[in-house]
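Survey of secondary and tertiary structure
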Amino acid sequence: MAHLTLRLLGAPEVYLDGRPVTAFATDKARALLYYLASERDRPHRREALAGLLWPDQPEERARQSLRQTLTYLRQALGESEASAAPLLAVTREPVPLDAAAGLELDIAAFVARIQECRRHHHRRALACPPCLERLRQAAELYRGDLLSGFLLGDSVAFEEWATLKREWRHREAVAALALLADFHERRGEYDEARGYAQRLVALEPWREEAHRQLMG
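This text gives an overview of the structure that appears in the document. Source: prediction; values computed, not measured.

Side note on the overall build of the chain
The secondary structure content of the chain amounts to eight helices and four strands. Starting at the N terminus, the α and β elements of the chain follow one another as β-β-β-α-α-α-β-α-α-α-α-α. Counting every position in the chain, which comprises 216 residues, the buried fraction comes to 44%. Restricting to contacts in the chain with at least 6 residues of sequence separation, those with at least 24 account for 60%.

Below, the structure written as structure tokens:
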């Protein structure tokens, strides 16, 4: 079974069995993969995907564009309709990305670590070693904002979806980095504190506390 790895936090990267996948015929094929992977916990009807990526086209033409883009995406992933265990399990309705087919997704791991901290019962995260470790793992996964540098200018719907997801993840990353910087500063571990503060300033240059930690 093929193993598909997507790194969508930061500039998007796609790997198939450890090798980079770059031969996407169109940006719409990339966008479709990124969307299906990010929303892999639910199936998607074809008319919804067509409206997401081709909002200005008539419905039938948009569905035809989706069919062609699905073909492009399969080709990029080295699959055909006859593949024994396809990553992209395409039927007439709906269109899922087979989550059981060896998909590794950084944004899913990032969200899982953050949610584990929220669900864990503790008085303060700063005094909870398991949660601090989860936050470190989340910070390591966060290479940058979601789909950094990837734009789909002719699809307002896709960009609105990406912007909303990007803002949620950005806030979670900033909160995690700020807590880690504070934790290490309180312990007198100033090199570690500055490392997290530098990342905070890169994400939000106006944060005065992060600038102070850099000068500490």
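Some thoughts on the packing of aromatic side chains
Per the stated rule, a full pass over the model turns up five aromatic pairs. With a centroid separation of 5.4 Å and an interplanar angle of 45 degrees, the aromatic rings of Phe-158 and Trp-161 are classed as tilted. Of this pair, Phe-158 and Trp-161 both sit in helix α6 (residues 156–186), separated by three residues, roughly a single helical turn. Note on accessibility: Phe-158 and Trp-161 belong to one class, buried.

Let's talk about the pattern of salt bridges
All chains considered together, the criterion is met by 15 salt bridges. The shortest N-O distance in the salt bridge between Arg-136 and Glu-133 comes to 3.5 Å. Linking Arg-136 with Glu-133, this pair stays in helix α5 (residues 129–141), spanning three residues, or about one helical turn. Here Glu-172 ties to Arg-169 by a salt bridge, and the two come within 2.7 Å at their closest N and O atoms. With Glu-172 and Arg-169 both in helix α6 and three residues apart, the pair spans about one turn of that helix. Of the two residues, Glu-172 and Arg-169, both sit in the buried class. Taken together, the shared-partner salt bridges connect Arg-7, Glu-13 and Arg-143 into one network.

Reading guide: rules and limits
- Residues numbered from 1 in each chain as written.
- Predicted model: local features only at pLDDT ≥ 70, side-chain atom pairs only at ≥ 80, totals over all residues.
- Heavy atoms only, no water.
- Helix = DSSP H or I, 4+ residues; strand = E, 2+ residues; numbered from the N terminus.
- Buried < 20%, exposed > 50% of the residue type's maximum accessible area, 1.4 Å probe, protein only.
- Contact = heavy atoms within 4.5 Å.
- Phe/Tyr/Trp six-rings, centres within 6.5 Å; stacked < 30°, edge-to-face > 60°.
- Salt bridge = Lys/Arg side-chain N within 4 Å of Asp/Glu carboxyl O.

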